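Structure at a glance
In case you want the letters, here they are:
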Amino acid sequence: MRIRQRQTNASKVAEHKPLNPAQQARDIIAICKALGREKTSIFGNSGGGVIAFQFAVSYPEYLDRVIAHETPTTILLDDATYHLNRAFMLLDIYRMHGVEAAFDAFRTEMKGFENSPPLAEPSHEDGKNFWENEYLLFTIYCPDLKKIVHNQVSIAVAAGIKSADAFYARTTFRQSRILNCSRFMFAGHHLGYQVEPDLFVTELIKAFGEIKTSLSSYHCLVVPCTG
């Protein structure tokens, strides 16, 4: 089952607010309870990985397994200051030139998209919400990964083969070391699950099985990211 964070797509609110990872984690619990699930497995991509990490910090009792794919916790990188400065530079571009210009500048450091088929663009409203309320937190916030280890969550991280040394792929090395967990390589780039879905899903299911093989079946929530 694929879910999107509140304030995006069909989720309507009277007022857009800065993204709150703690609230996002509570939203996942509400969905799980509505579906009658005591536990669930989560695959989180990009900013969705931040939410998955937060869930593992705050509510491990609701989790079976977690895979976080290219979660951009730039604070873990050796060049974290560069990415902090770049984040505010991109926000300045958004404020001066708008959504499209900000995304164009953002994509200059994304890798593996050269021969990728066209991808659906977020709506203007979702793009605006991303830059005003989500981007900065998704880029520089990192939940307490050591708490995830303490919580004994079955977890792994993953990167796309085509992402090479993009910053959001490099973060997975640091995450893997802190979490003392497996690091998988999946098909495609940052949005490989959209471009090569059949191969990506096959690799994802195999990875879930390698994290913990005691269960023959499981329910999985997929948490992508607007950007």
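We now turn to the structure provided with this report. This is a predicted model, so every value here is computed, not measured. (Residues numbered from 1 in each chain as written. Predicted model: local features only at pLDDT ≥ 70, side-chain atom pairs only at ≥ 80, totals over all residues. Heavy atoms only, no water.)

Attention now moves to the overall build of the protein. Looking only at helices and strands, the protein has 9 helices and 5 strands in total. For the protein, the N- to C-terminal ordering of α and β elements is α-β-α-β-α-α-α-α-β-α-β-α-α-β. For the protein, buried positions account for 51% of its 227 residues. For the protein, the share of sequence-separated contacts (at least 6 apart) that also reach a separation of at least 24 residues comes to 79%. Entry remark: accessible area of the protein is about 10,900 Å², with carbon and sulfur atoms responsible for 53%. (Helix = DSSP H or I, 4+ residues; strand = E, 2+ residues; numbered from the N terminus. Buried < 20%, exposed > 50% of the residue type's maximum accessible area, 1.4 Å probe, protein only. Contact = heavy atoms within 4.5 Å. Areas by Shrake-Rupley, 256 points an atom, 1.4 Å probe, with all protein chains shown as cover.)

Moving on to empty space enclosed by the protein. Tallied over the entire structure, the rule returns 2 cavities of 30 Å³ or more. When its volume is computed, the second largest cavity comes out at roughly 40 Å³. His83, Arg86, Ala87, Leu90, Tyr135, Thr139 and Phe167 are the residues that line the second largest cavity. When residues of the lining of the second largest cavity are traced back to their parent elements, those giving at least two are helix H3 (80-97) and helix H5 (124-140). Broken down by element, the lining of the second largest cavity gets its largest block of residues, 4 residues, from H3. Here the lining of the second largest cavity is composed, by residue class, of 4 nonpolar, 2 polar and 1 charged. (1 Å grid on protein atoms, 1.4 Å probe; cavity = no way out; pocket = protein on both sides within 12 Å on 5 of 7 lines; lining within 4 Å. Points joined across faces, edges and corners; volume = space filled by probe spheres on them. Nonpolar A, V, L, I, M, F, W, Y, C, P; charged D, E, K, R; others polar.)

Our focus in this paragraph is the pattern of salt bridges. Taken as a whole, this structure holds 9 salt bridges when the rule is applied. Across the pair Glu109 and Arg86 runs a salt bridge, and its minimum N-O distance is 3.3 Å. Residue Glu109 is located in the loop between helix H4 (99-106) and H5, and its partner Arg86 is located in helix H3; the two are separated by 23 residues in the primary sequence. Glu109 gets classed as partly exposed once you look at its relative accessible area, which sits at 21%. Across the pair Arg107 and Asp104 runs a salt bridge, and its minimum N-O distance is 3.9 Å. Arg107 gets classed as partly exposed once you look at its relative accessible area, which sits at 34%. We classify Asp104 as partly exposed; its relative accessible area is 49%. (Salt bridge = Lys/Arg side-chain N within 4 Å of Asp/Glu carboxyl O.)

Running from N to C, H3 and H5 point in directions that differ by 175°, and their axes come no closer than 10 Å. Judged by the angle between their axes, H3 and H5 are roughly antiparallel. Contacts between H3 and H5 involve Leu84, Arg86, Ala87, Phe88, Leu90, Leu91 and Tyr94 on the former and, on the latter, Lys128, Trp131, Glu132, Tyr135, Leu136, Thr139 and Ile140. Split by residue class, the contact of H3 with H5 holds 10 nonpolar, 1 polar and 3 charged. (Axes fitted to C-alpha atoms, helices over the stretch in contact; angles between N-to-C directions. Parallel < 35°, antiparallel > 145°, perpendicular 65-115°, else oblique.)

Let us now look at the packing of aromatic side chains. Enumeration according to the criterion identifies 16 aromatic pairs in this entry. Note on Phe184 and Phe186: the rings are 6.3 Å apart at their centroids and 15° apart in plane angle, and the pair reads as stacked. Exposure class is identical for Phe184 and Phe186. Each is buried. Put simply, the rings of Tyr94, Phe103, Phe106, Phe130, Trp131 and Tyr135 pair up and form one aromatic cluster. Sitting over the ring of Phe173, Arg183 keeps its end group 3.6 Å from the ring centre. (Phe/Tyr/Trp six-rings, centres within 6.5 Å; stacked < 30°, edge-to-face > 60°. Lys NZ or Arg CZ within 6 Å of the ring centre and 35° of its normal.)

What follows concerns the packing of H4 against H5. Two measures define how a pair of helices packs: the angle their axes make with one another and the distance between the axes. The geometry of H4 relative to H5 is characterised by a closest axis approach of 10 Å and an angle of 65° between their N-to-C directions. Where H4 crosses over H5, the handedness of that crossing is left-handed. Here Val99, Glu100, Ala102, Phe103 and Phe106 of H4 come into contact with H5, specifically with His124, Gly127, Lys128, Phe130, Trp131 and Tyr135. Across the contact of H4 with H5, the residue classes tally to 7 nonpolar, 2 polar and 2 charged. (Left-handed = near helix turned anticlockwise from the far one by under 90°.)

As a further point, take the pairing of strand E2 (residues 63-69). Counted residue by residue, E2 has 7 buried out of 7 residues, so it is predominantly covered. Looking at chain direction, strand E1 (residues 40-45) and E2 are connected through 5 bridges and run parallel. When the sheet's bridge partners are listed, Asn45 is paired in E2 with His69. Between E1 and its parallel partner E2, the chain crosses via helix H2 (residues 47-58), and the hand of that crossover is right-handed. Taken together, the 5 bridges between E2 and strand E3 (residues 154-160) define a ladder with parallel strand orientation. Note that in E3 the partner of Ala68 across the bridge is Val157. (Pairing = 2+ DSSP bridges. Right-handed = clockwise from strand over helix to strand, strands pointing away.)

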